[in-house]
Each structure stands twice: as C-alpha cells, then as structure tokens.
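Notes for the structure review
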Amino acid sequence: MPPQVSIAISRPLLLGTLASVIAPASLAQTGPLTTAERSAFTATSRHADVMAFIAELQRLSTKVRVELMATSPEGRAIPLLVIGDPAPASPAALRGDDRAVVYLQANIHGGEVEGKEAAQMLARDLLLGGTPTYLDRLVILIAPNFNPDGNERISAANRTNQVGPGGGVGERYNGQNLDLNRDGMKLETPEVRGLVRVLNRWDPAFFLDSHTHNGSYHQEPVTWVWGLNPNGDAGILSFMEDVMLPEVERRMRETYGTLTIPHGDFVDPADPARGWVPLGPEPRYLSNYVGLRNRLSVLNEQYPYVDFETRVRGAYSLFRTFLDYLYEHRDEVVRLVRDADRRALARGTAATDAFVLATEARPIATPLTIRGYEMEITELGNGRRRARPTERTRTYGDVPYLARWTPAKSVRYPRGYLIAAPDPAVLDNLLAHGITVEHLVEPATVPVEGFTVTELTGARRSNQGHYTTTVTGAYGTVARDFPAGTLLVRTAQVLGPLAAALLEPESDDGLVTWNFFDRYLAAQWGNQPQPYPVYRLLEMPYLVTETVGDGSGR
Ligand SMILES: [Zn+2]
C-alpha cells in the first residue's frame, strides 16, 4: 500500500533494533524448503519455484488439492491450494460438513513478497510439519502467488526502500499494468475475477490479503486491519475491533514473540501522538470488498524497514495466529457470519435503514500504543517540513486510531433497483460478483425513485486507466413504465449491501465511478446530463420476474 500521508523516507535506521523482541517462530521443518529459506532469506521465489514447491507438496501429501484460480494476463497459472483432512473435492463436498473455510492470499503486489514465502511455509507445515493441526475444523485455501506477472519482474531496482531480499522483488502491477488491490468493484482483471469466483464458490468465513507497507516509522514488524467499509455488517465490524484486535495483539506477542499494531500511518509524522490512520474504506481495496460481503476480512501489511527474514516470520506468525483463533472459535465465527447474512437479507424494509455514501474518520474506542522513534523535523520552506526518525526510540501512548469510517452522507437503503438500460457490461459485472439479477417477464408501471443528475464530473487524472466519474443530484419519486427485460436487483440478498454500493449513483466506488454509465449520463449534444438509468424501489410492488443466468449468486 502506498503511504496515506507523504513523509520523507530515508534509508532505514531500524536494522537489528528488533532482535530482542522477535523470537523466530520455531518450525518443525519437514518437506521442501522455500526459495527464501534455501537462500538464507536473500531471494524470493519465482513463479516456477512456487509451482515446483506446490507439486512437491502434492507428491508428499494427500491432504491438498490444487485448483486453477485464474490464468494471468501473461498466461501464468494462479494455483489455489485446497488443504483439508480430507481435502474436499468441491464446495459441494462440504455440505453437511461443519468445517469452516478460511482463505489466505499473498503477493497481490509483486514487490511485497514475504506473504508469498510465509504462505508456502504454512502450506508445508500444515501438510507435513509437526505443527498443531487445524484440519479437523478448518479447510484452508491458500493462494500464495496471486500476481505472478508482477512477481516475475524481479529486479533489485524495485522497492529500494525495503530491506531485502537482496536478490530483488517483482513489481506492483499485473500484466495489464493494473493494481489488483483497486479492482474489487470494477473486476477488470482475471486475477480478481478468479478470487471472486473462489469467494462465490467456497464462501470463506475469513479472508486475508498479505502486503508490505511503505510509510511511517515504528518498531512493530507486522500490522493488520479489518474490512473497514461502514456498509458492511455492524456486528462483524465491532467484533473485529473489540475482540479480534486485542486478541491478535496479545497472541502474537505471547505465543509468537512478535509485536503488532493495527495498519496505518501517522496523521502527522512530525507529531505522532495526533493520530494513526488506516487506508480508506472504499471496497476497491479487497479487504474492504470482502468486509462489504459480510465476511471476516484482514489486510495484512508487513513493515518494510526490518529485514526480510523478520518480515517472513512475522507474516507466518500472523497467519498462524488467525488460524489458532479461528480454530478455537470456529462455531462463534460461523454463527457471526450467518447472523450477518440474516441481517443483510432483512435490510431495506425500515425507512430508517441507511446506505452510507461518504464517510469521515473517527477514532475507535481504544487508543493505541505505538513503539516509534523520536522524530527530527527539518523546515524546508514554503511551510513544508520533512520528518525523519532518529535512532532514539520513543513510545507514543494514547494515539487515536482513526479507523471508524463514520457516515457523513447517507441515503435510504432501498428494497431494490430497476436497471432500465440493460447494459451487458453492467449485467456481467453484477453476475461476476455473485449478485442475483432478475429481469421483468411482464412490463410494469411502478412508483420508483429516479435520480436526476445536476452535475457530472470526470476526474482530471487517470486512475487505473479510468477518468473516474462523480455525479451529484437528487432523488425524486416518479411513476414509470418498465418494459419486459428490465433488470431487477433486490437488496434482500446476502450481497445486498454490495449491490447497493455498485448501483447507488453517488456511491464513492460504484459502477458510475468506474465509467459503466458514462454513455447514458452524458448526452452527445447539449450540456445537461441525462437521468441515471437505474431506479430505486422503496417498496416492493407486484412484479413477474425470472432469474438471469443460473442464479447461483450464493
Ligand atoms: Zn500492497
């Protein structure tokens, strides 16, 4: 992840400062060694190394199956390890089986490689090592190399601020030059489409996406944060904040000898006590996307200025910590996501139920203690300052953690959306997410809310190849004729909040944002924007419909 605040980054001062607090996880190593282990943590694995490592695990253990999650734009296989005892032949094989499904993903940004090494180590130790087995209660899905195209561009010139591996790392982007961690909503990459197929088919209760950060200076080598989108289930959001956050911190410290803090950056590096802020809440980020789908979701970011081995072992310890917790609390976690599904299905009937369009950052209940450094401030003129860490450590207490993205603007949460422009790209996107879409079999004249666009703005800078669109306007009630074939998306489905995030015109990360509706909104002649071709149902009228596609949704 890029830093949320810009700070001047000099070469790290932190090498070795953690030796006293990091006890390497003791590993019972049987089975193959990863590239990182074989090279004494001076190199990271190539695509071919990962494939050979997985083949060796398959040769040595019956508890792993491999699925093809996707093929990258440059033609590389993206394998998904399905680890279980027994390894289920398909999601259908888990019916009547009370094992919970857990998903871990690494190397989404091809320069952020320690998760890739830790994921391979974890797979090996689950299958062959003397580690405690989780497999009587969990099925563990692992995608160790989610961005093989980025990975293969290994060069010592990439991520030069990061401490090792000396042999270099890959690049951030995939073979389409896109950032996979911005593709959660538009689904333009085969990698993220492959992930969403896995989410729809296997429905993991827990998701983890492993990265390396680039930002504020502190001593803790491992950071993480939960899915932050406020339209996700309130019960899951508070569980992650109130239960998981302190529990993971404690277990990492006590069981694995590793310090953690939540992911973030100082609001003002010159004044660290002012606050610590995570990434934004937009569901283009995959951890927020999965949170919006009402599942437990984790963004993991290693600290880049400690050595590579410490980062790999830190990521490994975090994966183990979550597995330990999920193993012990499987029933509670499964109940939590089932309750979240029930709550999602019941939404939209109360007039007070709101969908959040815009947020502002507020602190969570418990402030943080961050082991940082005394900062050296240099005035650069023009009011600009550069903040650099000194070698003197300093602990900052009572730091507000601005991770509660609270509503700044909301609209009423509707019962459904009628899409009067049955655009194939819109339909394809909704179905790819797993959203159930119907179409009208008979024409209908129904009262709806229509959105009149008063202002249509294109971004001045390209983002992921898009000049993203922003609209402002207002809803008004109209009675309108909808012909047969009009698409209907009900919010009374498990993915209802995701559907609203995609279809609300003023959503900060919806299909309007990503230009799906530009051709309908901007008239060829004249300056006045056209009405948004998606209408809201606040009440569900009599409609005769048929489900589009196989309606698998989930
Ligand atoms: Zn990243």
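The following refers to the structure shown. (Residues numbered from 1 in each chain as written. Predicted model: local features only at pLDDT ≥ 70, side-chain atom pairs only at ≥ 80, totals over all residues. Heavy atoms only, no water.)

1. Let's talk about the overall build of the chain
Quick reminder of the rule: Secondary structure counts use DSSP, requiring at least four H or I residues in a row for a helix and at least two E residues in a row for a strand, with both numbered from the N terminus. For every residue, the accessible area obtained with a 1.4 Å probe (protein chains only) is divided by the maximum for its type, and the residue is called buried under 20%, exposed over 50%, and partly exposed between those limits. We call two residues in contact whenever any of their non-hydrogen atoms come within 4.5 Å of each other. Only the protein chains shown count as cover for residues, and the accessible areas themselves come from Shrake-Rupley with a 1.4 Å probe. Neither His nor the chain ends is counted toward charge; the positive residues are Lys and Arg and the negative residues Asp and Glu. Charged side chains are reduced to one point each, which is NZ for Lys, CZ for Arg, CG for Asp and CD for Glu.
Along the backbone of the chain there are twelve helices and 21 strands. C-alpha atoms of the chain, sized along the principal axes, occupy 70 × 65 × 40 Å. Evaluated residue by residue, the chain yields a buried proportion of 58% over its 554 residues. In the chain, once contacts between residues fewer than 6 apart in sequence are set aside, the share between residues at least 24 apart is 80%. Here the chain has roughly 20900 Å² of accessible surface; of this, 49% comes from carbon and sulfur atoms. Mean positive and mean negative side-chain charge positions of the chain (55 and 64 charges, respectively) differ by 1 Å.

2. Re helix α2 (residues 47–60)
Note the threshold: Multiplying 1.5 Å by the residue count of a helix minus one yields the expected span of that helix. Think of the arc as the fan of directions from the helix axis to the C-beta atoms.
Taking 1.5 Å as the rise per residue, α2 with 14 residues should run 20 Å; its terminal C-alpha atoms sit 20 Å apart, in good agreement. Of all the residues in α2, the buried ones are H47, V50, F53, I54 and L57. On an axial view of α2, the arc spanned by its buried residues comes to 130°, and they lie on one face. Along α2, the residues that are exposed and aim more than 90 degrees away from the buried face are A48 and R59. The elements touched by buried residues of α2 are β1 (64–71), β2 (77–83), α3 (114–128) and α4 (148–151).

3. Description of the coordination of the zinc ion
As a reminder of what qualifies: Metal coordination here is assigned from N, O and S atoms located within 2.8 Å of the ion, or within 3.2 Å for Na, K and Ca; omission of water means that sites may look incomplete. Four donors are marked tetrahedral only if all angles between them lie between 85 and 135 degrees, whereas four are marked square planar and six octahedral if opposite donors are more than 155 degrees apart and the other angles lie between 65 and 115; the remainder are marked irregular.
The protein atoms that coordinate the zinc ion are H109 (ND1), E112 (OE), E112 (OE) and H211 (ND1), at distances of 2.0 to 2.7 Å. Here the zinc ion is ringed by four donor atoms whose angles at the metal span 52 to 151°, and the overall shape comes out irregular. Donor residues binding the zinc ion come from one chain and are separated in sequence as H-x2-E-x98-H. One end of the pair, H109, is in the loop between β3 (100–106) and α3; the other, H211, is in strand β5 (residues 206–212), and 102 residues separate them in sequence. By relative accessible area, H109 is classed as buried at 0%.

4. Let's talk about helix α9 (residues 330–345)
The terminal C-alpha atoms of α9 lie 23 Å apart, and with 16 residues this matches the ideal 22 Å at 1.5 Å per residue to within 8%. All of the buried residues in α9 are R330, V333, L336, V337, A340, D341 and A344. Each buried residue of α9 sits inside an arc of 135° when the element is viewed along its axis, so together they form one side. Residues of α9 that are exposed and point over 90 degrees away from its buried face: R335 and R342. The secondary structure elements touched by the buried residues of α9 are β3, α6 (234–256), β10 (296–302), α8 (308–328) and α11 (496–503).

5. Details of the pattern of salt bridges
We count it as follows: Any Lys or Arg side-chain nitrogen found within 4 Å of a carboxyl oxygen on Asp or Glu counts as a salt bridge.
As enumerated under the stated definition, the model contains 47 salt bridges in all. For the salt bridge of R295 with D203, the shortest nitrogen-to-oxygen distance reads 2.9 Å. One end of the pair, R295, is in the loop between α7 (286–292) and β10; the other, D203, is in the loop between α5 (190–202) and β5, with 92 residues separating them in the sequence. One salt bridge in this structure joins R274 and D268, with 3.5 Å as the shortest N-O distance.

6. Notes on the environment of P221
In this fold, P221 is placed in the loop between β5 and β6 (222–226). Separated by 85 residues in the primary sequence, P221 and V306 have C-alpha atoms spaced 6.7 Å apart.

7. Observations regarding unusual backbone geometry
The residue after D85, namely P86, is reached through a cis peptide bond having omega 5°. Looking at the secondary structure, you find P86 in the loop between β2 and β3. Cis geometry marks the peptide bond from G164 to P165; its omega dihedral reads 0°. Counting through the fold element by element, P165 comes out in the loop between α4 and α5.

8. Quick look at the sheet that holds β1
Operational definition: Pairing between two strands requires that DSSP report at least two bridges joining them. All axes here are fitted lines through C-alpha atoms, helices being fitted over the stretch that makes contact, and every angle between N-to-C directions spans 0 to 180 degrees.
Read across the sheet, eight strands follow the order β1-β2-β4-β3-β5-β10-β6-β7 without closing on themselves; strand pairing throughout is mixed. Two strands close off the open sheet at either side, each with one partner strand: β1 and β7 (260–262). Looking at each pair of strands side by side, their axes are set apart by 20° on average, direction ignored. Of the strands in this sheet, β1 and β2 are in contact with α2, which crosses β2 at around 30°.

9. Topic: the environment of A40
Its place among the elements puts A40 in the loop between α1 (35–38) and α2. The exposed category is assigned to A40, whose relative accessible area is 58%. On a C-alpha basis, the gap between A40 and L187 in space is 38 Å, while along the polypeptide they are 147 residues apart.

10. Focus on the layout of surface pockets
As a reminder of what qualifies: The distinction between a cavity and a pocket rests on a 1 Å grid over the protein atoms alone: a 1.4 Å probe fits inside a cavity but cannot get out, while a pocket stays open yet meets protein on both sides within 12 Å along at least five of seven lines, and a residue with an atom within 4 Å of a point counts as lining. Grid points are joined across faces, edges and corners, and a volume is the space filled by probe spheres set on the points. Under the scheme applied here, ten amino acids are nonpolar (Ala, Val, Leu, Ile, Met, Phe, Trp, Tyr, Cys and Pro), four are charged (Asp, Glu, Lys and Arg), and all others, including Gly, are polar.
Here the largest pocket defines a volume of roughly 500 Å³. Lining the largest pocket are 21 residues, and of these L94, V101, W202, D203 and R338 sit closest to its centre. Those elements that provide at least two residues to the lining of the largest pocket are β3, α5 and α9. Top element by residues in the lining of the largest pocket is α9. It accounts for four residues. In terms of residue class, the lining of the largest pocket is built from ten nonpolar, one polar and ten charged. In terms of lining, the second largest pocket is formed by 22 residues, of which the most central are P230, G232, D233, A234 and L237. Residue assignment for the lining of the second largest pocket shows that the elements contributing at least two residues are α6, α9 and β14 (404–412).

11. Focus on the pairing of β6
Of all five residues that make up β6, five are buried, and the element is covered over most of its length. The two faces of β6 match: V222, W224 and W226 on one face and T223 and V225 on the other face are all buried. In this structure, β6 lies alongside β7, joined through three bridges in parallel fashion. If you follow T223 over to β7, its bridge partner there is I261. Pairing of β6 with β10, which is carried by five bridges, proceeds in the antiparallel orientation. The partner of T223 across the bridge, within β10, is E301.

12. What about the side chain of N181?
Test applied: N or O atoms within 3.5 Å of each other form a polar contact, as long as, within protein, one can give a hydrogen and the other can take it, and as long as residues adjacent in sequence are counted only when both atoms are side-chain atoms.
In this structure, N181 sits in the loop between α4 and α5. Within the structure, N181 has its side chain in polar contact with the backbone nitrogen of L286 (distance 2.8 Å).

13. Let's talk about the packing of aromatic side chains
Let me state the cut-off plainly: Pairing of aromatic rings covers Phe, Tyr and the six-membered ring of Trp, with a centre-to-centre limit of 6.5 Å; geometry is then stacked below 30 degrees between planes, edge-to-face above 60, and tilted otherwise. Lysine NZ or arginine CZ positioned within 6 Å of the ring centre and within 35 degrees of the ring normal marks a charge as sitting over the ring.
Taken as a whole and assessed by the stated rule, the structure comprises 16 aromatic pairs. For the ring pair F41 and F308, a centre distance of 6.2 Å and an interplane angle of 70° mean the geometry is edge-to-face. In this pair, F41 is assigned in the loop between α1 and α2 and F308 in helix α8, connecting sequence segments 267 residues apart. An identical accessibility class is assigned to F41 and F308; each is buried. Pairing Y134 with Y327 gives two aromatic rings, centres 6.0 Å apart and planes at 75°, and the pair type is edge-to-face. Here the residue Y134 occupies a position in the loop between α3 and β4 (138–143), and Y327 occupies one in helix α8, the gap between them amounting to 193 residues. Here the aromatic cluster, defined as three or more aromatic residues joined through ring pairs, consists of F206, W224, W226, F322 and Y401. Above the ring of Y327, the side-chain terminus of R137 is found at 4.2 Å from the ring centroid. Against the face of Y413 rests R347, its NZ or CZ located 3.8 Å from the ring centre.

Interpretation note: all reported values are geometric properties and have no functional meaning in isolation.
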